[in-house]
Amino acid sequence: MPGFTLTSTLPKDIAADVLIVNTTPAKGKGVELVAHGFTPAQTKRIEAEIAELGGTGKNGEVIKCASGTGIKAPVLVAVGLGDFRKSFDLEQFRRAIGNGVRTLSGTKKVAISGGHSAEHVDATVLACALAAYTFTEYKSKPAASGVGSFVISIPTQINADMKKALAAAKHVASSIYLARNLINTPPNDLAPAHLAQAAKTALASLPVTVKVWDEKALKTAGCGGILGVGLGSSRPPRLIKMTYAPRGAKAHLSLIGKGITFDTGGISIKPASKMDEMKADMSGSAAVIAAVTAIAQLGLKVKVTGWVAAAENMPSGTAQRPGDILTTFDGTTVEVLNTDAEGRLVLADAIGMSVLEKPDLMIDIATLTGAQRIALGRRIAGVMSNTQSAREQVVAASALAGEEMWGMPLPADLRETLKSETADIANIGDGLAGMLSAGVFLQEFVPDSQAWVHIDVAGPAYNDSAPFGYTPKGGTGAGVRTFVQIARELSA
Ligand code: BES
Ligand code: ZN
Ligand code: ZN
């Protein structure tokens, strides 16, 4: 993580390698600089320079130019906000900053002209930190990457709320770094036991207890779903429970993550093309571990129980077969008609365990279906629930947090398609509405009285396309900010 400081030094007087400023389309022609502390002459010169280079101030635009006399940083990066006076939302701002910061990999010190509210500080820190992320762990000769530090220039007096916002945003950003690192780690180095160790390490200095079920304990507990999926791998499955129970907790939130450390499909094996991306099939669990970390670091007054159902889905002589019937934690028998629909099997056990605690709100997050990507694409997660208000709460929280999620139904008639001749339920439907069908399967393990939300992040969890805004290629950390937002709401 880069360092962050707030300063009242004017942007032009900060000794940095680069200064980021904002632009917007000017009223007439050209571009208008949105930054404080420049002299009228400097402003005029910079605006002319940016316009000369083709800058219009439109949203997403990034123009680099020499800064000229009287400005300490030699290079200016002008990021277009678009016509923010007409319509402005923080996410538009975060993405604009992110586009600029992504061009600065390898820069030591970046100054940025900030706003005058705590909310603005939060948005600036998150956008800068998330955009500066790189994953070079496995490069033997890594090029200079990331950004050393950011100095945020505040036009007004720096108040306590801004300082608090800075500290909080750093916690959230570093937990998203943790999620991204876990997702990007190659699957040879991230088996279920490694994931459990990673959770322990991340939470070691925080008031969170971590309990891990190994394969023996899973057998005793009756977790047939997790065990069944893990059968094919020489690296056995784990169930991880993280409990953060601060004094004065206002509510109990349960977060449950799919932690398939690699999904080959098992005996119902996937095609070779892009199978490497299935190292990201533990993204839901990465989001849960990261969210618990952030919430504990923030000291939010809400009890949070994080569950991670971790297994490696491999084909082998010991793997489960299509046609196998397993028994989940709550005693439900499931006919495994397709071993590639494994996420719902491991989640069934974790959901069953979580239900016993009767949390106020239970949310699972999973890279569950290819159908999610077909329905909503790479950037928007699907949100399903047995409780309309809970679904709306999660979607609203995601919007506030700057994550894109969209409500989807759980049609009761789909239960028919999951009928099994021989067991209580089959693990696949008829092939239509695959995202919803998976949701309806999970609902089987949730009593109607338990408020439960299912988030399918198959698309947004892993960016296999070009970077955009503050989102790099690879693991994104999707879900973390929404969970922190919900925890904030529940603790208020
Ligand atoms: N992990 C996959 C879903 C996935 C696909 C995530 C692509 C991210 C990108 C999941 O385990 C899976 O394979 N689901 C099957 C279910 C089907 C067999 C009912 C799918 O979506 O094809
Ligand atoms: Zn699968
Ligand atoms: Zn999977």
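Note that the structure is predicted; figures quoted are calculated from it, not measured.

So, how was this worked out
- Per chain, residue numbering runs from 1 following the sequence as it is written.
- Chains and ligands are labelled sequentially in the order written, the chains with letters from A and the ligands with numbers from 1.
- Note on the predicted model: pLDDT of at least 70 is required for a residue's local features to be given, and 80 or more for side-chain atom pairs to be given and counted; whole-chain, interface and lining totals, by contrast, use all residues.
- Working from all heavy atoms in the structure, the side-chain values ignore hydrogens and water.
- Coordinating donors are taken to be N, O and S atoms lying within 2.8 Å of the metal, or within 3.2 Å when the metal is Na, K or Ca; because water is excluded from the atom set, some sites may appear incomplete.
- Sites are called tetrahedral only when four donors show all angles between 85 and 135 degrees, square planar or octahedral only when four or six donors show opposite pairs over 155 degrees and all other angles between 65 and 115, and irregular in any remaining case.
- By the criteria applied, helices consist of DSSP H or I runs no shorter than four residues and strands consist of E runs no shorter than two, each listed in order from the N terminus.
- Buried residues are those whose accessible area, probed at 1.4 Å on protein chains only, stays under 20% of the maximum for their type, while exposed residues exceed 50% and partly exposed ones sit between those limits.
- Working definition: residue near molecule or strand if any one of its non-hydrogen atoms lies within 4 Å of it.
- Under the rule applied, a polar contact is a pair of N or O atoms within 3.5 Å (in protein, one hydrogen donor and one hydrogen acceptor; residues adjacent in sequence only if both atoms are side-chain atoms).
- Boundary definitions for the domains trace back to an automatic or database domain assignment.
- We call two residues in contact when some of their heavy atoms are within 4.5 Å.
- Joining two parts hides part of their accessible area as seen by a 1.4 Å probe, and the buried area is that hidden amount summed over both.
- Salt bridge, as used here: a side-chain nitrogen of Lys or Arg that lies within 4 Å of a carboxyl oxygen of Asp or Glu.
- Working definition of a nonpolar core: buried Ala, Val, Leu, Ile, Met, Phe, Trp, Tyr and Cys residues. They are joined through side-chain atoms within 4.5 Å.
- Here an angle of 0 to 180 degrees is reported between the N-to-C directions of two axes, which are lines fitted to C-alpha atoms, with helices fitted over the stretch in contact.
- Throughout this description, any angle smaller than 35 degrees is read as roughly parallel, any larger than 145 degrees as roughly antiparallel, any in the 65 to 115 degree range as roughly perpendicular, and the remainder as oblique.
- When the near helix sits turned anticlockwise from the far one by under a right angle, the crossing is termed left-handed; a clockwise turn instead gives a right-handed crossing.
- Here a helix's expected span is defined as the number of its residues, less one, multiplied by 1.5 Å.
- Strands qualify as paired when DSSP identifies two bridges or more between them.

### Some points on the coordination of the zinc ion (ligand 3)
Next up, step 1: Those protein atoms acting as donors to the zinc ion (ligand 3) are K258 (NZ), D263 (OD), D281 (OD) and E342 (OE), and they sit at 2.0 to 2.4 Å.
Next up, step 2: Coordination at the zinc ion (ligand 3) is octahedral, judged from the six donor atoms that bind it and the angles of 77 to 172° they form at the metal.
Next up, step 3: Between consecutive donors of the zinc ion (ligand 3), the numbers of intervening residues give the motif K-x4-D-x17-D-x60-E.
Next up, step 4: Taken as a pair, the zinc ion (ligand 3) and the zinc ion (ligand 2) lie 3.2 Å from each other and share D263 as a ligand. Taken together, the residues D263 in strand β10 (residues 252–263) and E342 in the loop between β13 (333–335) and α9 (343–355) connect sequence positions 79 residues apart.
Next up, step 5: A relative accessible area of 0% means that E342 is categorised as buried.

### Digging into the site of ligand 1
Next up, step 1: Ligand 1 sits among 16 residues. The nearest are K270, D281, D340, E342 and G370.
Next up, step 2: At a separation of 2.9 Å, an oxygen atom of ligand 1 approaches a polar side-chain atom of D263.
Next up, step 3: The contact in question runs from a nitrogen atom of ligand 1 to an N or O atom on the backbone of T367, over 3.4 Å.
Next up, step 4: Elements with a contribution of two residues or more to the shell around ligand 1: β10 and α10 (370–376).

### Structural notes on the coordination of the zinc ion (ligand 2)
Next up, step 1: At this site the zinc ion (ligand 2) is bound by D263 (OD), D340 (O), D340 (OD) and E342 (OE), with donor distances of 2.0 to 2.2 Å.
Next up, step 2: Around the zinc ion (ligand 2), the six donor atoms sit at angles spanning 70 to 167°, and that spread fits a shape best called irregular.
Next up, step 3: All donors to the zinc ion (ligand 2) come from one chain, and their sequence spacing reads D-x76-D-x1-E.

### Observations concerning the domain arrangement of the chain
Next up, step 1: Taken domain by domain, the chain consists of domain 1 (3–158) and domain 2 (175–491).
Next up, step 2: Here the C-alpha centre of domain 2 lies 37 Å away from the C-alpha centre of domain 1.
Next up, step 3: The interface is formed by 15 residues belonging to domain 1 together with 20 residues belonging to domain 2.
Next up, step 4: Summing both partners gives a buried area of about 1500 Å² for domain 1 against domain 2, and 58% of it is carried by carbon and sulfur.
Next up, step 5: Three residues stand out in domain 1 for area buried against domain 2, namely R95, L130 and Y133, and they jointly supply 45% of the buried area on that side.
Next up, step 6: Our count for the domain 1 to domain 2 interface comes out at one salt bridge.
Next up, step 7: Between E404 and R95 there is a salt bridge; the shortest N-O distance is 3.2 Å.
Next up, step 8: Linking domain 1 with domain 2 are 10 residue pairs in polar contact (both at pLDDT 80 or more), by the criterion used here.
Next up, step 9: For the side of domain 1 that touches domain 2, the secondary structure elements donating two or more residues are α2 (90–102) and α3 (118–131).

### Here we look at the pattern of salt bridges
Next up, step 1: Using the criterion set out here, one finds 18 salt bridges in the structure.
Next up, step 2: D13 serves as the salt-bridge partner of K12, at 3.4 Å between the closest nitrogen and oxygen.
Next up, step 3: According to the relative accessible area criterion, K12 is buried, its value standing at 15%.
Next up, step 4: Classification of D13 as partly exposed rests on a relative accessible area of 32%.

### Some details on the nonpolar core
Next up, step 1: The biggest cluster of nonpolar side chains holds 97 residues, and the ones touching the most others in it are M242, L253, I363 and I455.
Next up, step 2: If you count residues domain by domain, this core takes at least three from each of domain 1 (3–158) and domain 2 (175–491).
Next up, step 3: Counting residues in hydrophobic clusters, the runner-up holds 42 residues, among them I256, A348, V440 and F441.

### Description of the packing of helix α8 (residues 283–298) against helix α13 (residues 480–491)
Next up, step 1: Running from N to C, α8 and α13 cross one another at 40°; their axes reach a closest spacing of 9 Å. If you check the angle between α8 and α13, you find them oblique. In this structure, α8 meets α13 at a crossing whose hand is right-handed. Along its contact with α8, which presents A287, V288, A290, A291, A294, I295 and L298, the element α13 presents V480, F483, V484, A487 and R488.

### Some remarks on helix α4 (residues 160–184)
Next up, step 1: Between the first and last C-alpha of α4 there are 36 Å, a value that for 25 residues agrees with the 36 Å anticipated at 1.5 Å per step.
Next up, step 2: Where α4 begins, the side chain of N159 points an oxygen toward the backbone nitrogen of D161, at a separation of 3.1 Å.

### With respect to the sheet that holds β10
Next up, step 1: Strand order in the open sheet formed by eight strands is β8-β9-β11-β10-β14-β18-β15-β16, and the pairing between neighbours is mixed. For this open sheet the edge positions go to β8 (209–213) and β16 (405–407), each flanked by a neighbour on one side alone. In this sheet, neighbouring strand axes are inclined to one another by 20° on average, regardless of whether the strands run parallel or antiparallel.
Next up, step 2: Packed onto the sheet, helix α5 (residues 192–203) meets β8, β9 (238–244), β10 and β11 (303–313) and runs at close to 15° relative to β9.

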